[in-house]
Amino acid sequence: MAKQEQTLYEKLRSEVEHEDQKHPTGARYSAPVKAVIILLTIVICAFLFPMQPEIHQAVSVGSEWSGKTIIAQYPFPIFKSEEQFQREVNEAVANTPLSFTENMAALAKVEKILSQFENALTASDELQVDSLASITGVNRDNIQRLSAMQPARRRQFLRSLMSSLLAFQKRIYDAGFVNTPVSSIKTEEIIVRMTPTTEKVVPAGSLFDSTLYRQRAQSLFKDEYGETEAALAGELLRKMIIPNLLYSSELTQIAKQLPKQTIPRTLGIVKANETIVAKGERVTERTLLKLQSYENTRLLQSENRHPFLPFLGNMAHAGLILSLLVMFFYFIRRKIFSDNWQVAGICCCFIIVALLAWTSMRITSDFPLEYLIILPTISMLIAIIFD
């Protein structure tokens with residue numbers, strides 16, 4: 001019976017066993033040195049792995065994007081620029097209505113002033129001019145004129161005058177009588193805090209201050225009454241300058257802080273796999289904000305992740321690729337695997353290919369730099385030299 005012919009694997013195995021019998025020694029054939037060469041190759045290749053595309057480059061609105069097309073790898077918000085956000089906040093603060101509180105006792109004080117004045121001048125038919133002038137604070141000449149009236153006529157006049165003054169004061173209070181100059185109110189309305197939980201909006205155009213109050217009173221009573229009555233009404237009105245709306249600096253400052261909390265910092269959202277900017281595209285203001293927001297989001301995400309995890313993943317990837325070649329040489333070409341010089345040469349070829357790939361990713365150019373990755377040439381070179 002003829003002897004069965006050896007298979008290719010058996011022939012190669014026998015060659016390996018024959019090579020093992022005359023295994024040389026020294027650093028060139030040292031296993032620790034070989035491990036260092038392989039490990040160093042894995043580390044270098046891991047550093048040369050392509051990372052996320054860099055988007056930080058000198059770019060302005062209206063310029064052409066010369067980099068590679070940027071595609072969002074995850075959804076992220078489009079943040080406003082700090083200048084735009086501050087501008088919107090400042091505009092909102094400037095347009096924030098001033099806050100006032102209501103003086104609930106104002107009308108009661110006015111009614112008390114008018115009631116005391118009327119009672120003092122109608123308590124007796126004979127008026128003590130000097131005494132009443134001292135008590136009421138009214139000019140002596142005006143009281144002298146009232147004392148010249150018949151008691152019934154005087155009572156009727158005072159009753160009518162008090163009623164008109166009170167009605168006038170109520171109309172002023174309904175419109176709003178503030179304790180600050182109306183000219184200092186730059187907004188179209190003000191906010192009046194009625195209770196701790198309720199507010200009302202009052203148009204700024206209808207408000208009165210002390211100056212407008214006097215002007216309205218003077219024009220009104222000058223037309224309705226004679227000289228004596230108008231003079232007396234004018235003196236009483238000076239005592240009735242009691243604003244019913246009091247400016248609150250504290251409430252106004254609180255209201256001006258709200259825009260910082262309510263104005264959004266974002267303009268929208270970019271979805272995952274959405275193109276942020278394409279190569280050759282004209283950069284708009286919104287595109288620039290997308291690029292800046294994407295870069296900031298990436299930085300925030302990288303801070304939340306362990307910085308060594310991506311590198312460890314690159315090492316595992318490079319090690320898996322290199323392990324295929326190591327197993328081939330260990331089982332099939334043991335002579336090459338035993339020689340550290342030859343192992344180092346093959347590892348250098350791996351590093352050269354990785355370096356060329358890294359260069360093609362880092363350099364921005366219109367030329368097809370991918371053709372510089374001479375992988376087929378390196379493969380043929382290894383086959384010719386080592387086989």
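Residues numbered from 1 in each chain as written. Predicted model: local features only at pLDDT ≥ 70, side-chain atom pairs only at ≥ 80, totals over all residues. Heavy atoms only, no water.

Visitor: Whenever I open this one, the overall build of the protein chain confuses me. Can you help?
Guide: Looking only at helices and strands, the protein chain features 15 helices and 8 strands. Of all intrachain contacts in the protein chain linking residues separated by at least 6 positions in sequence, the fraction that spans at least 24 positions is 79%. Counting every atom, the protein chain has about 24,200 Å² of accessible surface; 58% of that belongs to carbon and sulfur. (Helix = DSSP H or I, 4+ residues; strand = E, 2+ residues; numbered from the N terminus. Contact = heavy atoms within 4.5 Å. Areas by Shrake-Rupley, 256 points an atom, 1.4 Å probe, with all protein chains shown as cover.)

Visitor: What is the right way to look at unusual backbone geometry in this model?
Guide: Note on backbone geometry: most residues besides glycine have negative phi, and most peptide bonds are trans. Even without glycine at this site, N273 takes up a positive phi of about 70 degrees. Take N273: it is sitting in the loop between β7 (266-270) and β8 (275-277).

Visitor: Honestly, the pattern of salt bridges in this entry has me stumped. Any pointers?
Guide: Side-chain pairs of opposite charge can arise whenever the charged atoms involved come near each other. Under the criterion given, the structure shown has 4 salt bridges. One salt bridge connects E82 with R265, and the closest N-O pair in it is separated by 3.7 Å. With a gap of 183 residues between them, E82 in helix α3 (residues 82-94) and R265 in the loop between α10 (249-262) and β7 connect regions that are remote in the sequence. For R265, a relative accessible area of 44% gives the class partly exposed. (Salt bridge = Lys/Arg side-chain N within 4 Å of Asp/Glu carboxyl O. Buried < 20%, exposed > 50% of the residue type's maximum accessible area, 1.4 Å probe, protein only.)

Visitor: Would you explain the environment of I276 in this entry?
Guide: Mapped onto the elements, I276 comes out in strand β8. Given a relative accessible area of 3%, I276 falls into the buried group. Taking C-alpha positions, I276 is 9.3 Å from L288, a pair spaced 12 residues apart along the chain. Apart from the residues lying within four places of it in its own chain, the contact partners of I276 are I70, I71, A72, F76, T287, K290, L291 and Y294.

Visitor: Hey, could you run me through the packing of aromatic side chains in this one?
Guide: Note on aromatic pairs: each is described by the distance of the centres and the angle between the planes. Here the structure, examined in full by the defined rule, presents 8 aromatic pairs. Seen in terms of ring centroids, F328 and F329 are 5.4 Å apart; in terms of plane orientation they differ by 70 degrees. Their pairing is edge-to-face. Taken together, the ring pairs connect Y74, F76 and Y294 into an aromatic cluster. Above the face of the F85 ring, R265 is positioned so that its terminal group lies 3.8 Å from the ring centre. (Phe/Tyr/Trp six-rings, centres within 6.5 Å; stacked < 30°, edge-to-face > 60°. Lys NZ or Arg CZ within 6 Å of the ring centre and 35° of its normal.)

Visitor: Mind showing me how you'd approach the sheet that holds strand β4 (residues 189-195) here?
Guide: Adjacent strands of a sheet form backbone hydrogen bonds with each other and so pair up, either parallel or antiparallel. Strands sit in the order β5-β4-β3-β6 across an open sheet of 4 strands; the sheet is mixed. Each end of this open sheet is capped by a strand with a single partner; those strands are β5 (198-203) and β6 (245-247). Here the strands of the sheet are splayed against their neighbours by 35 degrees on average, with no regard to which way each runs. Relative to β4, strand β3 (residues 99-102) runs parallel, the two sharing 3 bridges. Counted as the bridge partner of T101 is R193 from β4. With respect to the sheet, α10 is in contact with β3, β4 and β6, its orientation differing from that of β3 by roughly 140 degrees. (Pairing = 2+ DSSP bridges. Axes fitted to C-alpha atoms, helices over the stretch in contact; angles between N-to-C directions.)

Visitor: Hey, could you run me through the nonpolar core in this one?
Guide: One broad rule of soluble globular proteins: the nonpolar side chains tend to lie buried together. Counting residues in hydrophobic clusters, the biggest one holds 26 residues, and the most contacted among them are L161, L165 and L237. When residues of this core are traced back to their parent elements, those giving at least two are α4 (106-122), α7 (151-175), α8 (210-224) and α9 (227-239). Per element, the largest residue contribution to this core is 9 residues, and it comes from α7. Core analysis: the next-biggest nonpolar cluster, separate from the first, contains 14 residues, A72, V283, L288 and Y294 among them. (Core = buried A, V, L, I, M, F, W, Y, C linked by side-chain atoms within 4.5 Å.)

Visitor: Can you help me understand empty space enclosed by the protein in this one?
Guide: A water-sized probe rolled over the atoms picks out the places where empty space is left. Counting across every chain of the model gives 1 cavity of 30 Å³ or more. Taken as a whole, the largest cavity encloses approximately 90 Å³ of empty space. Together, I38, L322, L325, V326, F329, F337, V343, I346 and C347 line the largest cavity. Contributing elements (two or more residues each) for the lining of the largest cavity: α12 (309-331) and α14 (340-362). (1 Å grid on protein atoms, 1.4 Å probe; cavity = no way out; pocket = protein on both sides within 12 Å on 5 of 7 lines; lining within 4 Å. Points joined across faces, edges and corners; volume = space filled by probe spheres on them.)

Visitor: It is not clear to me how the packing of helix α2 (residues 31-47) against α12 should be interpreted in this structure. Could you clarify?
Guide: For any two helices packed against each other, the geometry comes down to the angle between their axes and how far apart the axes lie. Where α2 contacts α12, the axes come no closer than 8 Å and their chain directions differ by 130 degrees. With respect to each other, α2 and α12 are oriented oblique. Between α2 and α12 lies a crossing of right-handed hand. Each of I38, L39, T41, I42, V43, C45, A46 and F47 in α2 lies in contact with α12, whose residues at this interface are F311, N314, M315, A318, G319, L322 and V326. In terms of residue class, the contact of α2 with α12 is built from 12 nonpolar, 3 polar and no charged. (Parallel < 35°, antiparallel > 145°, perpendicular 65-115°, else oblique. Left-handed = near helix turned anticlockwise from the far one by under 90°. Nonpolar A, V, L, I, M, F, W, Y, C, P; charged D, E, K, R; others polar.)

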